[in-house]
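# Close look at the chain arrangement
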Amino acid sequence: MKYLMTSLVMASALASSVAAAGTIRLGHDVGYAGAESLDPISPSRFFEANQMLYSRMIRQGQDGQPSPELATEWSPSADAKTWTFQLRKNVKFHDGSDLTAADIKYTLERINDPKIASPVAAVLGIIEQVKVLDDYRFEIKLSSPHADLPLLLMDYRVRIIPENSGDTIAKTGIGSGPFMLEEMDSEGTTVLAANPNYWEGKPAADGAELIGIPDSQARVQALMAGQVDLEQSITAQQKRLFQNNPQFKLQTIATGEWRGLAFRTDMAPLDNPKVRKALRMVVDRQEMMTLVSGADAGIVTCDHPVWSGDQYRTEIDCSQDIAGAKKLLGEAGYPDGIEVTISAADNEPEWIHMIEVYQQQAAKAGITVNLNMVPSDGYWSDVWMKHPASASRWSQRPADQVLNEVFRSTSAWNETFFNNPAFDQALDDARSELDFEQRKALYAKLQTLLWEEGGELIPYHLNQTRALRSNVTGLDPVEQFSIRWHKVDVN
């Protein structure tokens, strides 16, 4: 009832806001409580705005593989330590200045500036030097070989900004993307206007409005009331509201997106790998997916983040094993079981439902799970990576990137505080291995190690279900990082 009441209040508050024809309206969760930043590499980046304001060197094609955006061609040296890129010509930033190789150099070197401490450095820290060859050619020199560098450059945060704009970019949002900033208000409505000089042509829509709606149920109610035009991800329960309704369309896309429960491995008793594995062995993953998201809502995974569409995915048997979990707890000194408390934002019903299902499954092994619902405002700044255990969510990333970003010991977003020298070494070995089959074997080793010792419960990867109004056109059924926003319109 709480969610429904909140939803109705939020939807009513939006009722007087009617956007002009041709304006794309999106709700977002205000996950940083008003501290959202237009700096693409900020830990509190305003993702919904940034994906429309900026361009990447390399973007994700509809097949999930690297596709040209600002960079049109690239090639490695024989040892994969030096990569040469050709840059697209006649691309302009929103302020009218030309985008050149100097801007690429500045953007990439800023990512690795230790004074900024950007989480993206965990992905691109191997970049040793960016050398400008001329206005439209440059080289990236790496500290060690990396056969899959283009995959890393697809990162949704590696957005190119003007040279020397680091001190102002968080407010100005000057990029080369299909939309330009008119007004920034992350807790209210952020207004974007179409970029008439966008390199792929003037966008189909006149503009976009990004409306802060923290509660996921309220965002769904706003969609139903016609106050927003699409909701990127809805639950199985919410899906029923839109089925067989001619006012809406549904898109289902297989993705590497996941919801997880992060247990801090630096806090007792979670610092014991036997305890951590026991906490994960108690889960019946198919049952959890069926009860939380729907029987066909995704693909079961075994506590590693590499999704089924990734070339480096390995299959592991992680069937529920209550007896095995009890045995491990006994060996760890907890023959009578343990008690854990997991924090989750009160506006995320899928998290809450997942923990409720987990409570029932874990109880069979003598594990008591307490649910700690906390306010959604500031969840990512005040709860995540601070409480001993918390709910989390991640979007799709290539294997190398997600394994480095979520589990490398030195990563800023290592949410379980996992610290395993053998794991870090295997990450380095996989990056520098030029033979594909041997590289694949190393990634399989990494995934198996997380199943044995990791601190993250990742029960399944989600099929994303997107709901949009029937008058939205040009939105391909692809995951959100592959959307071509310049093609999307509202009739």
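Residues numbered from 1 in each chain as written. Predicted model: local features only at pLDDT ≥ 70, side-chain atom pairs only at ≥ 80, totals over all residues. Heavy atoms only, no water.

For the protein, the name recorded in an unreviewed UniProt entry is Peptide/nickel transport system substrate-binding protein, with Marinobacterium halophilum as its organism. According to the UniProt record, the Subcellular location (unreviewed entry) comment for the protein is "Cell envelope". The record held by UniProt for the protein lists under Sequence similarities (unreviewed entry) the comment "Belongs to the bacterial solute-binding protein 5 family." (UniProt positions renumbered as here; feature names shortened; annotations may be inferred.)

## A closer look at helix α16 (residues 436-453)
Taking 1.5 Å as the rise per residue, α16 with 18 residues should run 26 Å; its terminal C-alpha atoms sit 26 Å apart, in good agreement. The set of residues buried in α16 consists of Arg439, Leu442, Tyr443, Ala444, Leu446, Gln447, Leu449, Leu450 and Trp451. For α16, the elements touching its buried residues are α9 (273-281), α10 (285-292), α14 (399-407) and α15 (421-432). (Helix = DSSP H or I, 4+ residues; strand = E, 2+ residues; numbered from the N terminus. Expected span 1.5 Å × (residues − 1). Buried < 20%, exposed > 50% of the residue type's maximum accessible area, 1.4 Å probe, protein only. Contact = heavy atoms within 4.5 Å.)

## Focus on the state of the cysteines
On inspection of all chains with the given rule, the structure shows one disulfide. Disulfide pairing places cysteine 302 opposite cysteine 318 at an S-S distance of 2.1 Å. In this structure the cystine formed by cysteine 302 and cysteine 318 twists about its S-S bond by roughly -70°; its chirality is therefore left-handed. Of the two residues, cysteine 302 is situated in the loop between β13 (298-300) and α11 (322-331) and cysteine 318 in the loop between β13 and α11; the sequence distance between them amounts to 16 residues. (Disulfide = S-S within 2.5 Å.)

## As for the packing of aromatic side chains
Inspection of the entire model under this criterion finds 19 aromatic pairs. Here tyrosine 312 and phenylalanine 436 contribute two aromatic rings whose centre-to-centre distance is 5.6 Å and whose plane-to-plane angle is 35°, an arrangement assigned as tilted. Residue tyrosine 312 is located in the loop between β13 and α11, and its partner phenylalanine 436 is located in helix α16; the two are separated by 124 residues in the primary sequence. Using a relative accessible area of 2% as the deciding quantity, one classes tyrosine 312 as buried. Of the residues examined, phenylalanine 436 reaches a relative accessible area of 29% and is grouped as partly exposed. With a centroid separation of 5.4 Å and 75° between ring planes, the pair formed by tryptophan 380 and tryptophan 384 is classed as edge-to-face. We classify tryptophan 384 as buried; its relative accessible area is 10%. (Phe/Tyr/Trp six-rings, centres within 6.5 Å; stacked < 30°, edge-to-face > 60°.)

## What to know about a negative patch on the surface
A contiguous patch of negative charge, built from Glu182, Glu183, Asp185, Glu187 and Asp377, is present on the exposed surface. What makes aspartate 185 partly exposed here is its relative accessible area of 32%. (Patch = residues over 30% accessible without salt bridge, like charges linked within 9 Å, V, L, I, M, F, W, Y side chains within 5 Å. Areas by Shrake-Rupley, 256 points an atom, 1.4 Å probe, with all protein chains shown as cover. Salt bridge = Lys/Arg side-chain N within 4 Å of Asp/Glu carboxyl O. Lys, Arg positive; Asp, Glu negative; His and termini not counted. Charge placed at Lys NZ, Arg CZ, Asp CG, Glu CD.)

## Details of the domain arrangement of the protein
As far as domains go, the protein holds domain 1 (23-229 + 471-487) and domain 2 (254-463). Counting residues at the interface gives 31 residues for domain 1, matched by 28 residues for domain 2. Across the domain 1/domain 2 interface, buried area totals approximately 2400 Å², and carbon plus sulfur atoms make up 53% of it. The largest per-residue losses of area from domain 1 upon contact with domain 2 belong to Pro119, Ala122 and Asp148, which jointly make up 16% of the total buried on that side. Between glutamate 405 and arginine 157 there is a salt bridge, with its nearest N and O atoms 2.5 Å apart. When contributions to the side of domain 1 that touches domain 2 are tallied by element, the ones reaching two or more residues are α4 (121-124), α5 (149-153) and α7 (216-224). In the side of domain 1 that touches domain 2, the residues fall into 17 nonpolar, six polar and eight charged. (Domains from an automatic or database assignment. Buried area = accessible area lost by both parts, 1.4 Å probe. Nonpolar A, V, L, I, M, F, W, Y, C, P; charged D, E, K, R; others polar.)

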